[in-house]
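In case you want the letters, here they are:
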Amino acid sequence: MRQPDRIVRFKTVLARTGLSRSTIYRKIAEGTFPAQIKISTNGAGWRESDIDRWVADPVRWRPEGATNEAR
């Protein structure tokens, strides 16, 4: 049985990636890092699977469903 995807918070993302806060937000704006999802009125997090995919191959990471034509 497949486990549901966990939501991880910002401190966990910082620890897993080794990136700074400003670098993460810059990469989100560039489309080269997974965007956070809203989990409450004032909270956001990331899908753990998205962070795992980015950590495995940060250079080639693209949002799911994105095409490679823009490269």
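Here, every reference points to the structure presented above.
Residues numbered from 1 in each chain as written. Predicted model: local features only at pLDDT ≥ 70, side-chain atom pairs only at ≥ 80, totals over all residues. Heavy atoms only, no water.

Can you help me understand the sheet that holds strand E3 (residues 44–47) in this one?
Strand pairing in a sheet relies on backbone hydrogen bonds, with the paired strands running either antiparallel or parallel. In space, the three strands of this open sheet follow the order E1-E3-E2, with antiparallel pairing throughout. The sheet is open, and its two edges are formed by strand E1 (7–8) and strand E2 (37–38), each paired on a single side. Summarising the sheet, E1 and E3 pair through two bridges and their orientation is antiparallel. In the sheet register, Ile7 faces E3, and the bridge partner there is Arg47. Sheet contacts for helix H3 (residues 48–56): E1 and E3; angle to E3, the most-contacted strand, approximately 60°. (Pairing = 2+ DSSP bridges. Helix = DSSP H or I, 4+ residues; strand = E, 2+ residues; numbered from the N terminus. Contact = heavy atoms within 4.5 Å. Axes fitted to C-alpha atoms, helices over the stretch in contact; angles between N-to-C directions.)

What should I look at first to understand the pattern of salt bridges in this one?
When the charged atoms of two side chains lie near each other, side chains of opposite charge can form a pair. Inspection of the entire model under this criterion finds four salt bridges. Across the pair Glu48 and Arg6 runs a salt bridge, and its minimum N-O distance is 3.4 Å. Here Glu48 is found in helix H3, whereas its partner Arg6 is found in the segment before E1, with 42 residues between them in sequence. Salt-bridge contacts for Arg53 lead to Asp50; the nearest nitrogen and oxygen are separated by 3.5 Å. Taken together, the residues Arg53 and Asp50, both in helix H3 and three residues apart, mark about one turn of the helix. We classify Asp50 as buried; its relative accessible area is 13%. (Salt bridge = Lys/Arg side-chain N within 4 Å of Asp/Glu carboxyl O. Buried < 20%, exposed > 50% of the residue type's maximum accessible area, 1.4 Å probe, protein only.)

What exactly am I supposed to notice about the environment of Pro4 here?
Mapping Pro4 onto the fold places it in the segment before E1. Along the backbone, Pro4 and Glu48 are 44 residues apart, and their C-alpha atoms lie at a distance of 10.0 Å.

Which parts of the structure should I look at to understand the packing of helix H1 (residues 10–17) against helix H2 (residues 21–30)?
Packed helix pairs are specified by the crossing angle of their axes together with the interaxial distance, meaning the distance between the axes. Two numbers describe how H1 lies on H2: the axes approach to 10 Å, and their chain directions differ by 95°. Viewed along their axes, H1 and H2 adopt a mutual orientation that is roughly perpendicular. Between H1, through Phe10, Val13, Leu14 and Thr17, and H2, the contact on the second element is made entirely by Arg21, Ile24 and Tyr25. Across the contact of H1 with H2, the residue classes tally to five nonpolar, one polar and one charged. (Parallel < 35°, antiparallel > 145°, perpendicular 65-115°, else oblique. Nonpolar A, V, L, I, M, F, W, Y, C, P; charged D, E, K, R; others polar.)

Just checking my understanding: could you explain H2 for this structure?
Side chains three or four residues apart in an α-helix point the same way, a direct result of the helix having 3.6 residues per turn. All of the buried residues along H2 are Thr23, Ile24, Lys27 and Ile28. With its buried residues spanning 135° around the axis, H2 presents them on a single face. Residues of H2 that are exposed and point more than 90 degrees away from the buried face comprise Arg21, Ser22 and Ala29. Just downstream of H2, Gly31 is the residue with a positive phi angle, here 85°. (Arc of directions from axis to C-beta.)

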